[in-house]
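Report on the structure
What follows is each chain in one-letter form.
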Amino acid sequence: MATAEETVTYVGQGVARKEDAALVTGGAKYIDDLSVPGMLWMAVVRSPLAHARVVSIDLDRAREAEGVVAAFSGDDLAQEWAGGLPCAWPVTEDTKVPDHYPLTTDKARHVGDGIAVVIAETRALAKDAAELVDVELEALPAVTDVEAAAGDGAPILHESFGTNESYTWVLEAGEVGRLFAEADVTVSERYRQQRLIPSAIEPRGVMAAPSPTGDFTVWSATQVPHVLRTALTLVTGIPEARLRIVAPEVGGGFGSKLDIYAEEALCLALARRLGRPVKWVAERSEGYLATIHGRDVVQEIELAATSEGRITAVRTRLLAAMGAYLQLVTPGIPILGAWLYGGCYDIQGYSFTCTGVFTNTTPIDAYRGAGRPEATYAIEHAVDALARRLDKDPVEIRRLNFIKEFPATIASGLEIDSGDFEGALDRGLELLDYDQARREQEERRAASDSKQLGIGFSTYVEMCGLAPSRILGAVRYVAGGWEATTIRCLPTGTVQAIIGTSPHGQGHVTTFSQIVADQLGVPIESVEVIHGDTVVAPLGMDTYGSRSLAVGGVALWNATEKIIAKAQAIVAHQLEVAAEDLEYANGTFTVRGTDRSMTVTDAAFGAWTAHNLPDGMEPGLEETAVYDPPNFSWPGGCHIAVVEVDTDTGDTRLVRYIAVDDVGNVINPTIVDGQVHGGIAQGAAQALFEEAVYDDDGNLANGSMTGYLLPSAAELPSFELDRVVAPSPTNPLGVKGVGETGTIASTAAVMNAVVDALAPLGVSDIDMPASPERVWAAIEEVRA
Amino acid sequence: MIPSQFDYELAGTADEAVGLLSQHDDAKLLAGGHSLLPLMRLRFASPALLVDIGRLSELSYIKEADGSIAIGALTRHHDLAGSDVLRERCAVIAETAEGIGDPQVRHRGTIGGSVTHSDPASDLPTVLLALEAEMVARGPSGERAIAAADFFTGFLESALRDNEILTEIRVPAIGSAGAYVKFNRRAQDWATVGVAAVRLNGATNVALTNMGATPLRAAGVEEALAAGADTAAASAQAANGTSPPSDTNGSAEYRAHLASILTKRALEALDG
């Protein structure tokens, strides 16, 4: 309905976040802030061993402890379950999906595996009593390393399978064998994506309350209230219509709250069993054991290329750790990267194989980027290896191989709708002042300075906006990828947008308000965005995979278009003109060539009184749109890292970071910048700081924030951001999604910079994270 | 996150705190709480009674006396860092305090808490060892002074008796003749390794953080310097006789290497 006179008031502006006043003044309610009368607290007794047979569980002492209402083993609760915790993405027909009940009964398969629960009047009493549960375990050999777990003679986690391999998934396109045979040059690289622990600022928590009518309300710190409702019905047998899920304010997730957890099912089942509300909130170190981890993949990647550096084929083999069980989308995480191991390059042959392997560790699942940071790292790091082999500048080899025309069908078979890889690279080089940076690097090398500089590039493309439902079906994901919004115009001028995505820090309320306010010509203060309650917003697929704007935003836009269309019919009727004679701009319909006009707000009042509507029109101005995207969205760009390596100590510091991203059209640049900043920090953290380490016995050796190194602002430079804009032609907003770009692009940029600094010394690669000791040891090794 | 149950008493005076410690077997003093409370939250420590001395403002001071500086045990790191007296008369303490943890830790944590907790990864104990500081302890029968060299007796163990409270720390006025160099991954972390170097009574004292169960004097370095070795040669002796830990921040071998590098840097800072 856009016309030439339309002006944009909010879209594209860095509007201050409407959410923040409540958040920064402590007025917002997170799960930990909530309580209901009669509420009990649950504590979970967890296995201290990585692999052990459960011999006996004695709950007597715990049951007698102060304030304890009940205590249960897994066997005690067996009749509560209509099914196990679901895995929604068995990626092959023969994927081995183990039984996974909220408490284990036969064996503990990782440190932190739930064995029993204690329910008491307070959190502290539940915790005290949990220490009195006497669990006898018979230790079994444990395997935490993915390669060891896949090897002969490894301890088997799920004995009925006779193997630790869950599945092997293959994608082949083009004449890969011939292209490798005919290649002038090949490189063969091996990388380890270390295990990471998602560290949302708010730990997980859940509270479940029964009502006298037989209904249940579950409040959970979740990204996925709608998926949770469906899943909890499958696990507990409580009919979906009797379950209300509320996601209150949620303090971050990064994928770790995109899951169905044992504690959610336990609190609900215990609320049913005990007839009282039951609450659990994770302690931080407990969360490190009982909330999913990310990455943990061993990658082998080979490139075939011409002597000029044109890449002709890519062949990848992955061994991906699943952890002890399959959580909601565990098997699919490496597969989310399966199409991207060719990066943003024009190649012909493509081969991808991934084998998922059970290990005696906390399960792996979605962590910001989910499969795509791993893919981007592998291709970008391998392209640098190829550049070094051919003695080419890493910039030039990228330029030589870029996809330049769009839409472009990539080697793995998907279609990139739009992009500007070269434009992003050019702008990045300009911001960096590439020649000057190389000169400074050369001077330090010539002077044998103890502080060496490295410059690293990551030119990337990612697929997000998950996802076209038919593609999800084709890859055996059990749900759809659509999204829904209802717009309701109230009679006095305010507008409710009831959205199916579930924000947990991203600023949906502001971004979506901007779109609605511009579309309907109302002040942004008049738009109320409602989310996170399955009774109030029953339709939705929730928030993950950079989908909220790229999918949910389009549903929202489509709903406003329906509102405008109905309002136009009302206005035409009331002004007694033909609908075609009305012009629409900024919320106002004007009869062409006159000053007669009415606003959408006027139409909303008219729709409410219903005194004068067209024949047959239903009263009210409320519309719902459900949108299923026809394609993924394809953000891309160029990230550049400059690191300084202290060659005496190995200390490696990020000193500059430049990101030029194409995320399509930008609704709120401040919010987009915030997403990119956070994403870069997380990706740089993988390169330099974070690694979950299991010891030989299968204990998490750094299971607290003291030992698990999340960097802070003190360890990072101020990032330099810019954008190129190649609007997505796939959706009317031209948006692509931005939640994951920073994480997807940045790890490779930082590690390429580290290797760039060290290559002249003879160091060919460094495992992640590039800790001071690893860097020092690598330098020592080549010096020796 | 959730400590075991404990009783709590607020001490109005230092003597009252000593009295409470004497009456109870399993009591711990609570000052800034930034060492003890994390251990209790992880249930690594479960004292039956906490005696809160955090409000004894009489123990928060920095004064000059007879060529030494007297620091009250409850002086917070932030106040050490901002002290003009220290900046002028014993700058290494102020400079070290400025780099401890993060602003929250520095505003809550106290020098006495850091010293009595005796964590070998803490910064101030190492600096105090190099300075040959004196620790003043008050017990039921009065006060006694303990030399830093005798104070740190083991991992998280000190010479303080169960019924004693540390009231004061005395350090020599060495002006700017001190340096502390710390290596860590993140600004807020404990030292992977730290090195303090000070000039005192015509000698160079060097002490090490996180190279053993207690803060340690780098005897090899000190002897080499006394024998006329140059900085590089002396620094190479830094790890002699130490048994540093291996953990996810670094192996013992890497720590030994760091000790030499950081000793060299500390000695250069002392000369610079």
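As shown above, the structure is provided for reference.
As a starting point, this report considers the structure included with it. (Residues numbered from 1 in each chain as written. Chains lettered and ligands numbered in written order. Predicted model: local features only at pLDDT ≥ 70, side-chain atom pairs only at ≥ 80, totals over all residues. Heavy atoms only, no water.)

Brief notes about the sheet that holds strand β25 (residues 622-627) of chain A
All names here are of chain A. In space, the four strands of this open sheet follow the order β21-β20-β19-β25, with mixed pairing throughout. One side of each edge strand has no neighbouring strand; the edge strands of this open sheet are β21 (527-530) and β25. Sheet twist, expressed as the mean angle between neighbouring strand axes with direction ignored, is 15°. With five bridges joining them, strand β19 (residues 483-489) and strand β20 (residues 495-499) adopt antiparallel strand pairing. Bridge pairing in β20 links threonine 486 to isoleucine 498. (Pairing = 2+ DSSP bridges. Helix = DSSP H or I, 4+ residues; strand = E, 2+ residues; numbered from the N terminus. Axes fitted to C-alpha atoms, helices over the stretch in contact; angles between N-to-C directions.)

Remarks on the interface of chain A and chain B
Taken residue by residue, the interface counts 33 residues in chain A and 24 residues in chain B. Both faces considered, chain A and chain B share a buried interface measuring about 2,200 Å² in area, 53% of it formed by carbon and sulfur atoms. Connecting chain A to chain B are four salt bridges. If you look at where chain A meets chain B, you find 16 residue pairs in polar contact (both at pLDDT 80 or more). In terms of residue class, the side of chain A that touches chain B is made up of 14 nonpolar, seven polar and twelve charged. (Contact = heavy atoms within 4.5 Å. Buried area = accessible area lost by both parts, 1.4 Å probe. Salt bridge = Lys/Arg side-chain N within 4 Å of Asp/Glu carboxyl O. Polar contact = N/O pair within 3.5 Å; in protein donor to acceptor, adjacent residues only side chain to side chain. Nonpolar A, V, L, I, M, F, W, Y, C, P; charged D, E, K, R; others polar.)

Considering the pattern of salt bridges
Residues and elements named next belong to chain A. Under the counting rule described, the total for this entry stands at 65 salt bridges over all chains. In this structure, lysine 107 engages glutamate 159 in a salt bridge whose closest nitrogen and oxygen atoms are separated by 3.1 Å. One end of the pair, lysine 107, is in strand β4 (residues 107-108); the other, glutamate 159, is in the loop between α4 (146-150) and β7 (165-173), and 52 residues separate them in sequence. By relative accessible area, lysine 107 is classed as buried at 0%. Judged by its relative accessible area of 47%, glutamate 159 is partly exposed. What you see here is one network of salt bridges that share partners, running through Arg46, Arg204, Glu263 and Glu286. (Buried < 20%, exposed > 50% of the residue type's maximum accessible area, 1.4 Å probe, protein only.)

As for the pairing of strand β12 (residues 278-281) of chain A
Residue and element names in this part refer to chain A. Residues Val278 and Trp280 point to one face of β12 and Lys279 and Val281 to the other, with burial holding for every one of them. The pairing of strand β1 (residues 40-46) with β12 spans two bridges and is parallel. Paired with leucine 40 across the strands is valine 278, a residue of β12. With four bridges joining them, strand β9 (residues 205-210) and β12 adopt antiparallel strand pairing. Within β12, the position partnered with alanine 208 by the bridge is valine 278.

A short note on empty space enclosed by the protein
Residues and elements named next belong to chain A. Inspection of every chain in the model, using the stated rule, returns eight cavities of 30 Å³ or more. Each pocket or cavity is described by its volume, and for the largest cavity that value is around 190 Å³. Lining the largest cavity are 23 residues, with His100, His110, Asp113, Ala262 and Ala290 sitting closest to its centre. When contributions to the lining of the largest cavity are tallied by element, the ones reaching two or more residues are β1, α7 (262-274) and α8 (284-290). The element best represented in the lining of the largest cavity is α7, accounting for three residues. When grouped by side-chain class, the residues that make up the lining of the largest cavity number twelve nonpolar, seven polar and four charged. In terms of domain composition, the lining of the largest cavity takes at least three residues from each of domain 2 (34-140 + 201-252 + 257-290) and domain 3 (294-467 + 631-783). Its volume calculated, the second largest cavity comes out at about 130 Å³. (1 Å grid on protein atoms, 1.4 Å probe; cavity = no way out; pocket = protein on both sides within 12 Å on 5 of 7 lines; lining within 4 Å. Points joined across faces, edges and corners; volume = space filled by probe spheres on them. Domains from an automatic or database assignment.)

Describing a negative patch on the surface
All names here are of chain A. On the surface, Asp58, Asp60, Glu64, Asp134, Glu136 and Glu138 cluster together into a negatively charged patch. Here the element with the most residues in the negative patch is strand β6 (residues 134-139); it accounts for three residues. Turning to its location among the elements, aspartate 134 is positioned in strand β6. With a relative accessible area of 46%, aspartate 134 lands in the partly exposed category. (Patch = residues over 30% accessible without salt bridge, like charges linked within 9 Å, V, L, I, M, F, W, Y side chains within 5 Å. Areas by Shrake-Rupley, 256 points an atom, 1.4 Å probe, with all protein chains shown as cover. Lys, Arg positive; Asp, Glu negative; His and termini not counted. Charge placed at Lys NZ, Arg CZ, Asp CG, Glu CD.)

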